[in-house]
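Now for the letters of each chain:
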Amino acid sequence: AQSVTQPDIHITVSEGASLELRCNYSYGATPYLFWYVQSPGQGLQLLLKYFSGDTLVQGIKGFEAEFKRSQSSFNLRKPSVHWSDAAEYFCAVDMDSNYQLIWGAGTKLIIKP
Amino acid sequence: SQTIHQWPATLVQPVGSPLSLECTVEGTSNPNLYWYRQAAGRGLQLLFYSVGIGQISSEVPQNLSASRPQDRQFILSSKKLLLSDSGFYLCAWRPSDRDGSPLHFGNGTRLTVT
């Protein structure tokens, strides 16, 4: 079955430290891939997307993600986090299934001062 | 540019009362429209989606219904709310004519059923 896994429910990092959030998907072909961020009480904002081509994708707010076909992964990274990055992050995949995106369960990012 | 409006932002309703949440999209035509729910501390659950006026697909059996009376208007309703209907409701849209387009979300409605 098609699925998206974000294995980390919570991640705590110190302000200024680097960040990597993991996302793996299960699908036979290369899907379209997205990362979203949600601040408390807000809607989801698109950080970046992968369609094709260069496997390293740049997004907003200093985030980037790398698509690795061999690992079926699309991990989100940021070299140095800021306190304002504290939020929940969702990975989503478009596997061309019935107009929907398949969503990961989300990873809550906590920033230590 | 395209914008999505969702209201109200917060709502407190008693059990058994009706519900109507509204979502409108501006700056595009014939969008695909979606209603999601987030229970506290949980991920996104797709409730309904629509690919055209009057076309509604339901993903889970529940106490809610959706309607699309106009091209860019999507309404989530209930005749009688249950406590379990509490949550954060999100409306979203995406273009219907481009493969792999991302979803664009409204700011959400926090519904508390008391």
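How each quantity is defined
Residues numbered from 1 in each chain as written. Chains lettered and ligands numbered in written order. Predicted model: local features only at pLDDT ≥ 70, side-chain atom pairs only at ≥ 80, totals over all residues. Heavy atoms only, no water. Phe/Tyr/Trp six-rings, centres within 6.5 Å; stacked < 30°, edge-to-face > 60°. Helix = DSSP H or I, 4+ residues; strand = E, 2+ residues; numbered from the N terminus. Buried < 20%, exposed > 50% of the residue type's maximum accessible area, 1.4 Å probe, protein only. Core = buried A, V, L, I, M, F, W, Y, C linked by side-chain atoms within 4.5 Å. Contact = heavy atoms within 4.5 Å. Disulfide = S-S within 2.5 Å. 1 Å grid on protein atoms, 1.4 Å probe; cavity = no way out; pocket = protein on both sides within 12 Å on 5 of 7 lines; lining within 4 Å. Points joined across faces, edges and corners; volume = space filled by probe spheres on them. Nonpolar A, V, L, I, M, F, W, Y, C, P; charged D, E, K, R; others polar. Buried area = accessible area lost by both parts, 1.4 Å probe. Salt bridge = Lys/Arg side-chain N within 4 Å of Asp/Glu carboxyl O.

Trainee: I'd like a description of the packing of aromatic side chains, backed by residues and values.
Mentor: Counted under the stated rule, the structure contains 16 aromatic pairs over all chains. Ring centres of tyrosine 50 of chain A and phenylalanine 74 of chain A lie 6.4 Å apart, and the angle between their planes is 50°; this geometry places the pair in the tilted category. Of this pair, tyrosine 50 of chain A sits in strand 6 (residues 44-50) while phenylalanine 74 of chain A sits in strand 9 (residues 73-78), and the two are 24 residues apart along the sequence. For the pair tyrosine 50 of chain A and phenylalanine 74 of chain A, a shared accessibility class is recorded, and that class is buried. Seen in terms of ring centroids, tyrosine 34 of chain B and tyrosine 49 of chain B are 6.1 Å apart; in terms of plane orientation they differ by 25°. Their pairing is stacked. Pair noted here: tyrosine 34 of chain B is in strand 4 (residues 32-38) and tyrosine 49 of chain B is in strand 5 (residues 45-52), with a separation of 15 residues, a long-range link. The burial state of tyrosine 34 of chain B is the same as that of tyrosine 49 of chain B; both residues are buried.

Trainee: An account of the nonpolar core is requested, with residue identities and associated values reported.
Mentor: Trp35, Leu48, Leu76 and Tyr89 of chain A are the most contacted members of the largest nonpolar core, which has 28 residues in total. Every element with two or more residues in this core is listed here: strand 2 (10-14), strand 3 (19-21), strand 5 (32-38), strand 6, strand 8 (64-68), strand 9, strand 10 (87-97) and strand 12 (107-112) of chain A. The element contributing the most residues to this core is strand 10 of chain A, with five residues. Beyond its immediate stretch of four places on either side in the chain, leucine 76 of chain A contacts Leu19, Glu20, Leu21, Trp35, Leu47, Leu48, Phe63, Glu64, Ala65 and Tyr89 of chain A. Of all hydrophobic cores here, the second largest spans 20 residues; its members include Ile4, Phe48, Tyr89 and Val113 of chain B.

Trainee: With reference to specific residues and values, describe the state of the cysteines.
Mentor: Counted by the stated rule, this structure contains two disulfides over all chains. In this model cysteine 23 of chain A forms its disulfide with cysteine 91 of chain A; the gap between the sulfur atoms is 1.9 Å. Looking along the S-S bond of the cysteine 23 of chain A-cysteine 91 of chain A disulfide, the torsion reads about -65°, which is the left-handed sense. Here cysteine 23 of chain A, found in the loop between strand 3 and strand 4 (24-26), pairs with cysteine 91 of chain A, found in strand 10; they are 68 residues apart in sequence, far enough to count as distant. Residues cysteine 23 of chain A and cysteine 91 of chain A agree in their burial class; the two are buried. A sulfur-sulfur separation of 2.0 Å characterises the disulfide bridge that pairs cysteine 23 of chain B with cysteine 91 of chain B. On the sign convention where negative means left-handed, the S-S torsion of about -75° between cysteine 23 of chain B and cysteine 91 of chain B marks this disulfide as left-handed. In this pair, cysteine 23 of chain B is assigned in strand 3 (residues 19-26) and cysteine 91 of chain B in strand 9 (residues 87-94), connecting sequence segments 68 residues apart. Comparing cysteine 23 of chain B with cysteine 91 of chain B, the two get one shared label, buried.

Trainee: Break down the layout of surface pockets for me, with residues and values.
Mentor: Approximately 450 Å³ is the volume attributed to the largest pocket. Lining the largest pocket are 21 residues, and of these Gln38, Glu88 and Lys108 of chain A together with Gln38 and Gly41 of chain B sit closest to its centre. When residues of the lining of the largest pocket are traced back to their parent elements, those giving at least two are strand 10 and strand 12 of chain A. Considered class by class, the residues forming the lining of the largest pocket number nine nonpolar, eight polar and four charged. The computed volume of the second largest pocket comes to approximately 270 Å³. Asp94 and Asp96 of chain A together with Arg94, Asp99 and Gly100 of chain B are, among the 17 residues lining the second largest pocket, the residues nearest its centre. A total of three residues in the lining of the second largest pocket trace back to one element, the largest contributor, which is strand 10 of chain A. When grouped by side-chain class, the residues that make up the lining of the second largest pocket number six nonpolar, five polar and six charged.

Trainee: Lay out the side chain of serine 17 of chain B in plain terms, naming residues and giving numbers.
Mentor: Residues and elements named next belong to chain B. Secondary-structure assignment places serine 17 in the loop between strand 2 (10-13) and strand 3. A residue is classified by how much of its surface remains accessible, and serine 17, at 10% relative accessible area, is buried. Once you skip the residues sitting within four places of it in the chain, serine 17 turns out to touch Lys79, Lys80 and Leu81.

Trainee: An account of the interface of chain A and chain B is needed here, citing residue identities and associated values.
Mentor: Across the contact, 19 residues belong to chain A and 21 residues belong to chain B. The largest per-residue losses of area from chain A upon contact with chain B belong to Tyr99, Gln100 and Trp103 of chain A, which jointly make up 32% of the total buried on that side. Counting across the chain A and chain B interface gives one salt bridge. Taking the shortest distance from any N to any O, the salt bridge between aspartate 94 of chain A and arginine 94 of chain B comes out at 2.7 Å. Among the elements of the structure, strand 5, strand 6, strand 10 and strand 11 (100-103) of chain A are those that each provide at least two residues to the side of chain A that touches chain B. The biggest single contributor to the side of chain A that touches chain B is strand 5 of chain A, with four residues. For the side of chain A that touches chain B, the residue count by class is 11 nonpolar, six polar and two charged.

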